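Structural features, examined
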Amino acid sequence: MNILVINAGSSSLKYQLFDMDNETVLAKGICERIGIDGHLSHKPANGKPNYEADIAMPTHNEAIQAVLEKLVSDEYGVVKSMSEIDAVGHRVLHGGAKFTESCIVNDEVEQAIEDCIPLGPLHNPANLMGIRACKEVMPGTPQVAVFDTSFGMTMEPKVYIYAMPYEYYEKHDIRKYGFHGTSHRFVSQRMLELLGKPDAKVIVCHLGNGSSLSASVGGKCVDTSMGLTPLAGFPMGTRSGDVDAGVLEYVMEHYGYDIHEMLTILNKKSGVLGISGVSSDFRDLDNAAAEGNERAQLALDKFAYEVKKFLGSYVAALGGVDGIAFTAGVGENSPEMRENIVKGLDYMGIEIDSEKNKVRGKETDITGTNSKVKVFIVPTNEELMIARDTKELTAK
Ligand code: ADP
């Protein structure tokens, strides 16, 4: 069974075609500059050459069309015809409280995704464009929506409610949802296998450009660090994470910003970029800190400190923890950051082995000899998770 996974952004569209009989990637690529001019980069995994060219993409329809042409072409293709693509799985950012799990797209689901646009104003319209383009270009092929927010739907009311007037929740669905749910689900499920314990208490540290932590029991989310929007939690590449709301009033008055300008700063100019003034990229920060840049070091220290605090609070929330996983760009590739986060948690029974921790980007048990809690690096794979859900919902 072949499944095409689509992650549609407003001007880009990433794709991977999976052979789900053995969970291998047949081809992947990205369409960029959709609506501007259009560029396709296509990489087949069967030894055929890569394809890279400007192709006119006034809308997502032309982008999908171009992808399908390449997937079936003699020169760059990996399947003989479109009929060999059995289903399409779409990443959808926000499913509100309506979607507790992935589902097959029908008119009602499409409408519900549209209804969630106020909650995901940047991503949901683009995700919908991807779904609609596929429907048009591949009529009859089942489409599945996989929501970033559905993992968080098992949180209890006391976890997801904001301590604000209750009518905001009742009338406008304002609550904590959480994001990176597909990654947290993939990694926490893998942790249950690695721990050999189906009801294990697991904390997943998804540390990338955007970062979040999740606490789960038996793969069901108990708490997660992001909120109504992906701005919440601890500092990220460019996002502030949680800040004292009183600071906003002060900054807005002092600099004359309106709320939109303020939010742009919190989303795009804050986090480790804001503190360091150097970069949002952790490799740049590592290099700058190594050369003696104190603000780069401060940004790295702040990041490790805040992640450590979330980690500790999740051990408390879960009443103990069986396993901790590090994933995403920083979590998988930065031994220094993992070490700094875990340092000092030995009294909680959490220790890592500094030799084993030298690994980058590979599933590895990095648990320290005296650690009571298992610690792993688990590379995330959101696309495979989407493909698995799509297979489960569409396989006859
Ligand atoms: P996104 O949220 O965009 O998916 P990723 O999960 O790809 O982000 O993570 C990107 C981050 O991972 C970047 O800040 C990058 O610097 C960091 N990263 C990648 N490799 C390393 C490394 N070897 N050491 C430290 N940080 C790394």
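First things first, this report covers the structure right here in the doc. (Residues numbered from 1 in each chain as written. Predicted model: local features only at pLDDT ≥ 70, side-chain atom pairs only at ≥ 80, totals over all residues. Heavy atoms only, no water.)

Another point: the packing of helix H2 (residues 107-115) against helix H3 (residues 124-137). Where H2 contacts H3, the two axes come as close as 9 Å, and the packing angle between them is 155°. Between H2 and H3, the angle is such that the two are roughly antiparallel. The two elements H2 and H3 cross, and the hand of that crossing is left-handed. Here H2 contributes Asp-107, Glu-110, Ile-113 and Glu-114 to the contact with H3, which in turn contributes Asn-124, Leu-128, Ile-131, Arg-132 and Lys-135. (Axes fitted to C-alpha atoms, helices over the stretch in contact; angles between N-to-C directions. Helix = DSSP H or I, 4+ residues; strand = E, 2+ residues; numbered from the N terminus. Parallel < 35°, antiparallel > 145°, perpendicular 65-115°, else oblique. Left-handed = near helix turned anticlockwise from the far one by under 90°. Contact = heavy atoms within 4.5 Å.)

Let's shift gears to the pattern of salt bridges. Under the defined criterion, the tally for this structure stands at 19 salt bridges. Between Glu-110 and Arg-132 there is a salt bridge, with the nearest N and O atoms lying 2.8 Å from each other. Residue Glu-110 is found in helix H2, and its partner Arg-132 is found in helix H3; the two are separated by 22 residues along the sequence. Note that Lys-309 and Glu-306 form a salt bridge whose closest N and O atoms lie 3.9 Å from each other. With Lys-309 and Glu-306 both in helix H11 (residues 294-318), this residue pair falls three residues apart, about one helical turn. (Salt bridge = Lys/Arg side-chain N within 4 Å of Asp/Glu carboxyl O.)

This next bit is on the packing of aromatic side chains. The tally for this structure, following the rule as stated, stands at nine aromatic pairs. An angle of 70° between the planes, with centres 5.0 Å apart, marks the rings of Tyr-51 and Tyr-76 as edge-to-face. Of this pair, Tyr-51 sits in strand S5 (residues 51-54) while Tyr-76 sits in the loop between helix H1 (60-72) and strand S6 (87-92), and the two are 25 residues apart along the sequence. Tyr-76 gets classed as buried once you look at its relative accessible area, which sits at 16%. In textbook terms, an aromatic cluster arises when at least three aromatic residues are bridged by ring pairs, as seen for Phe-234, Phe-282, Phe-303, Phe-310 and Tyr-314. Across the ring face of Tyr-51, the terminal group of Lys-70 is positioned such that the distance to the ring centre comes to 4.3 Å. Note that Arg-175 overlies the ring of Tyr-160, its terminal NZ or CZ placed 3.6 Å from the centroid. (Phe/Tyr/Trp six-rings, centres within 6.5 Å; stacked < 30°, edge-to-face > 60°. Buried < 20%, exposed > 50% of the residue type's maximum accessible area, 1.4 Å probe, protein only. Lys NZ or Arg CZ within 6 Å of the ring centre and 35° of its normal.)

On to the pairing of strand S2 (residues 13-19), then. The element S2 is largely enclosed, with a buried count of six among its seven residues. Where strand S1 (residues 2-8) meets S2, seven bridges bridge the pair, whose relative direction is antiparallel. Within the sheet, the bridge partner assigned to Ile-6 lies in S2 and is Tyr-15. Joining the antiparallel neighbours S1 and S2 is a turn of four residues. (Pairing = 2+ DSSP bridges.)

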